[in-house]
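Architecture at a glance
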Amino acid sequence: MSNSLAPAHPTMRAFDATVAHVDGREVTLEETYFYPEGGGQPADRGVIGGVDIEHVRSVEGEVVHELAAEPEFAVGDEVTGVIDDDFRTYCMRAHTASHALYGAARHIFDDLGYGGFDISNEKVRVDFETSTTVDDDALAELGRLVNRAVWDSREVSWEEIPVSEAREREEVAFNVKTEEGVFADEDEVRIVTIDGWDWGACGGTHVANTIEIGPVEIYGRSNPGEGLTRVEFAVGPSAIDHRATVEAQARNAAATLDSSLESLGEAATDARSTRTDLEAELASLKSDVLKTRLAGFETVERDGLAWKIGSVSGFEANDVGEAAKAVRDDVDVLVAVGESSAPFIVVASAGDVSAGDVVADVTDEFGGGGGGSPTFAQGGGLGTDAAEIVTYLRP
Ligand SMILES: [Zn+2]
């Protein structure tokens, strides 16, 4: 009975071992190359003695294999363990990628500590302790550096050294969540080194050279807590598929903007700026049109005062209100009725007639609601068409 031999011999995929203990579906072996869930790396998959493994976990330093069914073998039998190659290889690549990413972060972040790590089927996350703000440019640089470390084919090695020595080596990053695996022996710690790039205390399984990681695709960043930056990435098919999706989108956007991929950002900024300018210009023109229309309402005399009463279509109540205030000085009372399925009314008054009273009169007659001050009021949801309201208000 022992710790897993997986971290020391990560390429072992099949082995024979003597059964040490069987308790229902739970089996321990005299020695095992299965990796138990821990430190952010998921448990291995595979079979023992032909029976599928559902889970592998470490219990007080002992590796317990939980099988899908009670085994026929018994204590003392020799059995063959077969580790699921695809899944373990994925985990090794993903795990080593997290070290390569940490090495990349060393080049960008002012202060850096290890905040956590997790591998799932689709993606990997690494939490960095740093006060550096990770903006888009920093994230892109992380992606560039980690992929450069892969291309540079850096050797990955591991060794056990005294804890005291490891603590003195400033470059060593400690993944606190794997301490159980890291400090396999109380006096020793396992250091995983990417040659010239990263040094981390870690009990997981790793590839022997960064070139085995393959392309690394950075997904994004988030802030899981104070002083923490979470970076999510993928390796393998998920990474390749994601890259293809992003590239297709980028090419599409570049074509739409008559740009190239390389100057897509600039083209998008220009398009946004042009749109902002055009929106402002359009708003200004619409306002001018609206004021002209309101000013063009026929002036009628009612109770000795000059009223302009008319209707408009195609404008929002708030815009009509602003325009009404702007042309109010020309007459004593200006009434604009908005044509829509539920007409609205805007009243601007110089003060001799209460705008609020006019709106109240109309809503009393036709339904709807509204209100305002003596000089400006609005109503909406009127239960008739605009023409009837205009007729009602004209003397
Ligand atoms: Zn590791």
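Below you will find a few notes about this structure. In this text the structure is predicted, and so the values were computed from the model without any measurement.

Next up on the list: the sheet that holds strand β16 (residues 305-313). What the six strands build is an open sheet, ordered β15-β16-β17-β18-β20-β19; its pairing is mixed. Both outer strands of the open sheet, β15 (299-302) and β19 (369-372), are each paired with one neighbouring strand and no more. Geometrically, the sheet is characterised by an average inter-axis angle of 20 degrees between neighbouring strands, direction not taken into account. Note that strand β18 (residues 344-349) and strand β20 (residues 376-380) share four bridges and pair antiparallel. Across the sheet, V347 pairs through a bridge with A377, a residue of β20. Those strands touched by helix α7 (residues 317-327) are β16, β17 (333-339), β18 and β20, and its axis lies near 20 degrees from that of β18.

A few words on the pattern of salt bridges. Should their charged atoms come close, side chains of opposite charge can pair. Overall, the coordinates contain 19 salt bridges when judged by the stated rule. E66 is the salt-bridge partner of R25, the closest N and O atoms lying 3.9 Å from each other. Placement of the pair is R25 in the loop between β1 (14-23) and β2 (26-29) and E66 in strand β5 (residues 62-67), with a sequence separation of 41 residues. Residue classification places R25 among the partly exposed residues on the basis of a relative accessible area of 33%. Salt-bridge contacts for R243 lead to E217; the nearest nitrogen and oxygen are separated by 2.9 Å. Residue R243 is located in helix α5 (residues 237-256), and its partner E217 is located in strand β13 (residues 216-222); the two are separated by 26 residues in the primary sequence.

This part covers the coordination of the zinc ion. Within the protein, the zinc ion binds to H95 (NE2), H99 (NE2), C202 (SG) and H206 (NE2); these donor distances fall in the range 2.0 to 2.2 Å. Geometry at the zinc ion is tetrahedral, judged from the four donor atoms that bind it and their angles of 93 to 121 degrees at the metal. For the zinc ion, the single-chain donor residues occur in sequence as H-x3-H-x102-C-x3-H. One end of the pair, H99, is in helix α1 (residues 85-108); the other, C202, is in the loop between β12 (198-201) and β13, with 103 residues separating them in the sequence. The class for C202 is buried, based on a relative accessible area of 2%.

Looking now at the packing of helix α8 (residues 355-366) against helix α9 (residues 386-393). Where α8 meets α9, the closest approach of the two axes is 11 Å, and the angle between their N-to-C directions is 125 degrees. Taken together, the axes of α8 and α9 lie oblique to each other. As for the relative orientation of α8 and α9, their crossing is right-handed in sense. Counting all contacts with α8, which are made through V358, D361, V362, E365 and F366, the residues of α9 involved are E388, I389, Y392 and L393. When the residues that make up the contact of α8 with α9 are grouped by side-chain class, the tally is six nonpolar, no polar and three charged.

Turning next to the sheet that holds β2. Strand order in the closed barrel formed by six strands is β1-β2-β5-β4-β3-β6, and the pairing between neighbours is antiparallel. Taking the axes of each pair of neighbouring strands and ignoring which way they run, one obtains an average angle of 45 degrees across the sheet. Looking at chain direction, β1 and strand β6 (residues 78-83) are connected through five bridges and run antiparallel. Bridge pairing links D16 to T80 in β6.

Following the sequence through the fold, L382 ends up in the loop between β20 and α9. Through-space distance from the C-alpha of L382 to that of G321 is 16 Å; in sequence the pair is 61 residues apart. Setting aside chain neighbours within four positions, we find L382 in contact with A342, P343, F344, I345, V362, T363, F366, G367, G368 and I389.

Right, let's get into the nonpolar core. Core analysis: the largest hydrophobic core is formed by 39 residues, its most contacted members being L101 and F233. Put simply, the parts of the chain that give this core at least two residues each are α1, β7 (113-119), β8 (124-129), α2 (136-151), β11 (188-194), β13 and β14 (228-235). The dominant element in this core, judged by the number of residues it contributes, is α1, at 11 residues. Once you skip the residues sitting within four places of it in the chain, F233 turns out to touch A94, A97, S98, L101, K123, V124, V126, V216, E217, I218 and Y219.

β14 sits mainly inside the fold: six of its eight residues count as buried. In this sheet, β14 lies alongside β8 in antiparallel orientation, the contact comprising six bridges. Opposite D127, over in β14, you have R230 as the bridge partner. Pairing of β13 with β14 involves six bridges; the strand directions are antiparallel.

All right, on to α1 then. An ideal rise of 1.5 Å per residue puts 34 Å on 24 residues; α1 measures up with 35 Å between its terminal C-alpha atoms. A large share of α1 lies buried, amounting to 17 of its 24 residues. In this structure D84 caps α1, since a side-chain oxygen of it lies 3.1 Å from the backbone nitrogen of D86.

What counts and how
- Residues numbered from 1 in each chain as written.
- Predicted model: local features only at pLDDT ≥ 70, side-chain atom pairs only at ≥ 80, totals over all residues.
- Heavy atoms only, no water.
- Pairing = 2+ DSSP bridges.
- Helix = DSSP H or I, 4+ residues; strand = E, 2+ residues; numbered from the N terminus.
- Axes fitted to C-alpha atoms, helices over the stretch in contact; angles between N-to-C directions.
- Contact = heavy atoms within 4.5 Å.
- Salt bridge = Lys/Arg side-chain N within 4 Å of Asp/Glu carboxyl O.
- Buried < 20%, exposed > 50% of the residue type's maximum accessible area, 1.4 Å probe, protein only.
- Donors = N, O, S within 2.8 Å, 3.2 Å for Na, K, Ca; no water.
- Tetrahedral: all angles 85-135°; square planar, octahedral: opposite > 155°, others 65-115°.
- Parallel < 35°, antiparallel > 145°, perpendicular 65-115°, else oblique.
- Left-handed = near helix turned anticlockwise from the far one by under 90°.
- Nonpolar A, V, L, I, M, F, W, Y, C, P; charged D, E, K, R; others polar.
- Core = buried A, V, L, I, M, F, W, Y, C linked by side-chain atoms within 4.5 Å.
- Expected span 1.5 Å × (residues − 1).
- Polar contact = N/O pair within 3.5 Å; in protein donor to acceptor, adjacent residues only side chain to side chain.

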